[in-house]
Structures are given as structure tokens and as C-alpha cells.
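Secondary and tertiary structure notes
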Amino acid sequence: MQTKVMKCGQPAYEYAAKLIKSGDIAAIPTETVYGLAADAFNPCAVKKIFAAKGRPQDNPLIVHISDINMMKSIVSDVSSAALKIAEKFWPGPLTIIFPKASGVPYEVTAGLETVAVRFPAHAGAQEIIKACGTPLAAPSANLSGMPSPTSARHVFDDLNGKIKLIVDGGSCSVGVESTVIAVSGESVSVLRPGMITVEDLKAVVPDVTVDKAVLEGAEKNQRVASPGMKYKHYAPKAEVTVIDGDFEKFKQYVQSRSDSETYCLVFDSEEKSLSLPCLTMGKAEDENEHARVLFERLRELDELDAKKVFARMPSLNGVGLAVYNRLIRAAAFRVIRL
Ligand code: TXA
Ligand code: MG
């Protein structure tokens, strides 16, 4: 199969809609990461997503809408707290778990009684959903086990030959996947951190907690609130270790433990005082930049054939919690506190 890459614009949106309406799938840009989209009401099309990604069948998908009213066909009940949150943060990088409507296929929710819904802010994503006239089920458009794609090139590298179309919207502005929340009464539980932070949510609903699995690894076979959290998300070729300590300690630690295939993932300008090869993730205090570049850097480290990587501890402010959540998974939870 030939994979076509088309820049965002009417011809790309029309071709994506043509494919999706006829039961096929297409990769589309969003503000978080690229998604691999199918008509959420077509189980055969949804199965093609799982096949192309090599995704475990029991990991449910997010359903994307381009208008709050579109929820009616996928959700059976919207609580007042959930509606308040949706109205505040949509369109945007937030996914809300709702009780599902009966018409949502088993394949989308992996048999759960709930459905995850997101209204993306990306203009191209919105145009494609509108042109399809149906909600789109879409996980991240990477091969299962790879970092989520933040550019059309990343999607191409993973799925070339497996899908017909990638709509190229350039680099994703957020760079990490959406915040996923469950709402129960007046309480919110953050199942996956993202650009919409705990503090953002607290401004709307005061009772916000972070699920335990966000900062710890879920035990094998443990039931988790969000099935995706139990998977070892991304296993880089390199052994990644996160070093929690100031730069001087980091420097001492890594200089004595490195060999010719060791790389460092550091903040801007720190590379100047290290004798090891380094990739940078922005200024130390710029969490938004860390989020934007993290997945790209992880892919680059694999391409460089890094065998060992020492990463600086990201700040946990704002979207930093999301960066840390993704980085400790890439590090298989190896965090050294100095
Ligand atoms: O930013 C994003 O969310 C991107 C873009 C494409 O929208 N999508 C994305 O999808 O990251 P995916 O499939 O890679 O991650 C979806 C996460 C998984 O961890 C999954 O387990 C969880 O959402 N999820 C989906 N439906 C759920 C449900 N009904 N209950 C709990 N968790 C759910
Ligand atoms: Mg994913």
C-alpha cells in the first residue's frame, strides 16, 4: 500500500473524509499528537486501527468530536460537573470519560461501559471530523510501543505502507497526549496528565486527585482506571535513567558512569559543560517546550543508537507532570535521587 502525505488544506481534508466514510483509516494532526482515525460507529474500520498499530485489543480508543452536540450519539449521560469542565476546556487537549451510549461499538471501548471523548482544538482535525460528519475514534498514530508521533514524519516512519493517508499539519504544538479525566459527582480523577493541569481543573471543580498509576508503575495484571496505563508505553533501545538532582550532581554522576554509547538528555546550554554527546529539551524552566520535544528526542536517541541515556529530572510544574509521567515510562521507572 502506498502511503500518501498531504499538507493540511481542503484537498487533504476531503480525501481523509472520503477514506474514513468508506470504512478506511487515515492519520490526522491534532494539537497534542497525530491520531489514526476511523468512523467511531464502524467496527470493521476501528479494527483496522488496531491492526495497523499492532495495538492490544483491550486498550480502548478516544472518540473525537468537532462540536459538543456530537456527544449525544456517543454518551448516555453528562453530569453537570463534566459539562462545566467540557465547556471550559473544549476544544482542547482534554479527554473526558463518560458512560457510553449503546450505539458505540465494543471495539472502540474494548468492552468497557464508558467512552473517552475529546474535542480537539486543531483546525485541521476539526475540519476532518466535520467533513466526515461522524465522531472519529483515534488513538495516537504510532506503532504500539513507540513514542506518540508529533510530526507527519514520525507517523510515516511507523506506518508507511500500512495506511493510505497522512494529513500533514506540521509539528504538534502540545507534544504530549491529552489529559484524561474521569468525573464522579463533583470529583475529578486525573488518569493521564497532560497540558490541562490539575491546577487548571481545580479552578472549575475543586476536588481533583491524581490517580496513583500516574507516578507509579501499575503492577502486572492490576486493574487500572485507564487501561493504557498498564502498558509499558515505550521501550527505547537505550537504558534510560532519570537523575533527580541539581546539574552539578548530575554531571558528576554521569561523567563517571558513561561509555562511548552514552547520551545525555539535558536542558539548554548544559551540554556545554558536559563531555558526553547531548540532546537538549529546552530551557530548564520551560515545561511547555519539554512537552513539545520529548517524544521527538526519544525517537532521535533510538536513531543515534544510544545504549545508555541519562536524563535530567523535568520540573513537575504545569505540563511538567505529563513530561515526567512519559519519561519515567521510557526509563522503565529507573529514577536515581541524588
Ligand atoms: O491527545 C490524545 O489523547 C491523542 C490524540 C490523537 O487525540 N490520543 C491518544 O490516544 O493519546 P491513545 O489511544 O494513544 O490513548 C488513549 C488513552 C489510553 O491510555 C486509553 O487506555 C485511555 O485513553 N482510555 C480510552 N478509553 C477509556 C475509557 N473508556 N476509560 C478509561 N481510559 C480510557
Ligand atoms: Mg497512544
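Look up: the structure comes first, before these words.
Presented here is an overview of the structure given in this document. Keep in mind the model is a prediction, meaning the values are calculated, not measured.

Let's shift gears to the overall build of the protein chain. Counting secondary structure elements, the protein chain contains 10 helices and 16 strands. In terms of overall dimensions, the protein chain is globule-like: its C-alpha atoms have a radius of gyration of 20 Å, near the 20 Å expected for 338 residues. Taking the principal axes of its C-alpha atoms as reference, the protein chain extends roughly 60 × 50 × 35 Å. Taken across its 338 residues, the protein chain has 56% of its residues classed as buried. Long-range contacts, defined here as pairs at least 24 residues apart, represent 67% of the contacts in the protein chain between residues at least 6 apart. In the form shown here, the protein chain has an accessible surface area of approximately 14200 Å², with 50% of it arising from carbon and sulfur atoms.

Turning next to the packing of aromatic side chains. Under the criterion given, the structure shown has two aromatic pairs. Ring geometry for Tyr 253 and Phe 310: centres 5.9 Å apart, planes at 90°, overall edge-to-face. Of this pair, Tyr 253 sits in helix H8 (residues 247-255) while Phe 310 sits in strand E15 (residues 308-312), placing them 57 residues apart in sequence. Per residue, the accessibility class of Tyr 253 equals that of Phe 310, and both read buried. The ring centre of Tyr 253 lies 3.8 Å from the NZ or CZ of Arg 257, which sits over that ring. Stacked on the ring of Phe 250, the Lys or Arg Arg 312 has its end atom at 5.7 Å from the ring centre.

Quick look at empty space enclosed by the protein now. The final tally for this structure, using the stated rule, is one cavity of 30 Å³ or more. There is about 30 Å³ of room inside the largest cavity. Forming the walls of the largest cavity are Tyr 234, Pro 236, Ala 238, Val 240, Leu 298, Leu 301, Asp 302 and Val 309. At three residues, the largest contribution of residues to the lining of the largest cavity is made by helix H9 (residues 287-303). The class makeup of the residues in the lining of the largest cavity is seven nonpolar, no polar and one charged.

Our next topic: the nonpolar core. Soluble, globular proteins show a tendency: their nonpolar side chains are buried together. Counting residues in hydrophobic clusters, the biggest one holds 68 residues, and the most contacted among them are Ile 85, Trp 90 and Leu 201. Broken down by element, this core gets its largest block of residues, six residues, from helix H1 (residues 10-21). Leave out the neighbours within four places in its chain, and Leu 201 touches Ile 85, Phe 89, Leu 94, Ile 181, Val 188, Val 190, Ile 196 and Val 208. Within the second largest apolar cluster, 30 residues are counted, among which are Val 33, Ala 238, Ala 306 and Ala 330.

Our next topic: the sheet that holds strand E14 (residues 278-280). Spatial strand order, E14-E13-E15-E12-E16: five strands in an open sheet with parallel pairing. Bordering the open sheet on either side are E14 and strand E16 (335-337), each of which pairs with just one other strand. Taken pair by pair, the neighbouring strands of this sheet meet at an average axis angle of 25°, ignoring direction. As defined by bridge partners, strand E13 (residues 262-266) adjoins E15 across four bridges and the pair is classed as parallel. Residue pairing across strands places Cys 264 opposite Phe 310, the latter belonging to E15. In the packing of H9 onto the sheet, the strands contacted are E13, E14 and E15, and the crossing angle to E14 comes to about 160°. Those strands touched by helix H10 (residues 320-330) are strand E12 (239-244), E13, E15 and E16, and its axis lies near 110° from that of E16.

In total, this model carries 14 salt bridges according to the counting rule given. A salt bridge links Glu 127 to Lys 130, with the nearest nitrogen and oxygen atoms 3.9 Å apart. A residue pair is termed a helical-turn pair when its members lie 3 or 4 positions apart in one helix, as Glu 127 and Lys 130 do in helix H5 (residues 123-132) at three residues. With relative accessibility at 31%, the residue Glu 127 sits in the partly exposed group.

Within a regular strand, the side chains alternate between the two sheet faces. As defined by bridge partners, strand E5 (residues 94-99) adjoins strand E9 (residues 179-184) across four bridges and the pair is classed as parallel. What sits directly across from Leu 94, in E9, is Thr 179.

Looking now at unusual backbone geometry. The omega torsion across Trp 90 and Pro 91 is -5°, close enough to zero to call that bond cis. If you trace the backbone, Pro 91 turns up in the loop between helix H3 (80-89) and E5. You will see that Ser 269, though not glycine, has its phi angle at about 75°, which is positive. Structurally, Ser 269 can be placed in the loop between E13 and E14. A positive phi angle, near 65°, is found at Asp 305, a position not held by glycine. Note on placement: Asp 305 falls in the loop between H9 and E15. Using a relative accessible area of 38% as the deciding quantity, one classes Asp 305 as partly exposed.

Reading the values: rules and limits
- Residues numbered from 1 in each chain as written.
- Chains lettered and ligands numbered in written order.
- Predicted model: local features only at pLDDT ≥ 70, side-chain atom pairs only at ≥ 80, totals over all residues.
- Heavy atoms only, no water.
- Helix = DSSP H or I, 4+ residues; strand = E, 2+ residues; numbered from the N terminus.
- Rg over C-alpha atoms; globule rule 2.2 N^0.38 Å.
- Buried < 20%, exposed > 50% of the residue type's maximum accessible area, 1.4 Å probe, protein only.
- Contact = heavy atoms within 4.5 Å.
- Areas by Shrake-Rupley, 256 points an atom, 1.4 Å probe, with all protein chains shown as cover.
- Phe/Tyr/Trp six-rings, centres within 6.5 Å; stacked < 30°, edge-to-face > 60°.
- Lys NZ or Arg CZ within 6 Å of the ring centre and 35° of its normal.
- 1 Å grid on protein atoms, 1.4 Å probe; cavity = no way out; pocket = protein on both sides within 12 Å on 5 of 7 lines; lining within 4 Å.
- Points joined across faces, edges and corners; volume = space filled by probe spheres on them.
- Nonpolar A, V, L, I, M, F, W, Y, C, P; charged D, E, K, R; others polar.
- Core = buried A, V, L, I, M, F, W, Y, C linked by side-chain atoms within 4.5 Å.
- Pairing = 2+ DSSP bridges.
- Axes fitted to C-alpha atoms, helices over the stretch in contact; angles between N-to-C directions.
- Salt bridge = Lys/Arg side-chain N within 4 Å of Asp/Glu carboxyl O.

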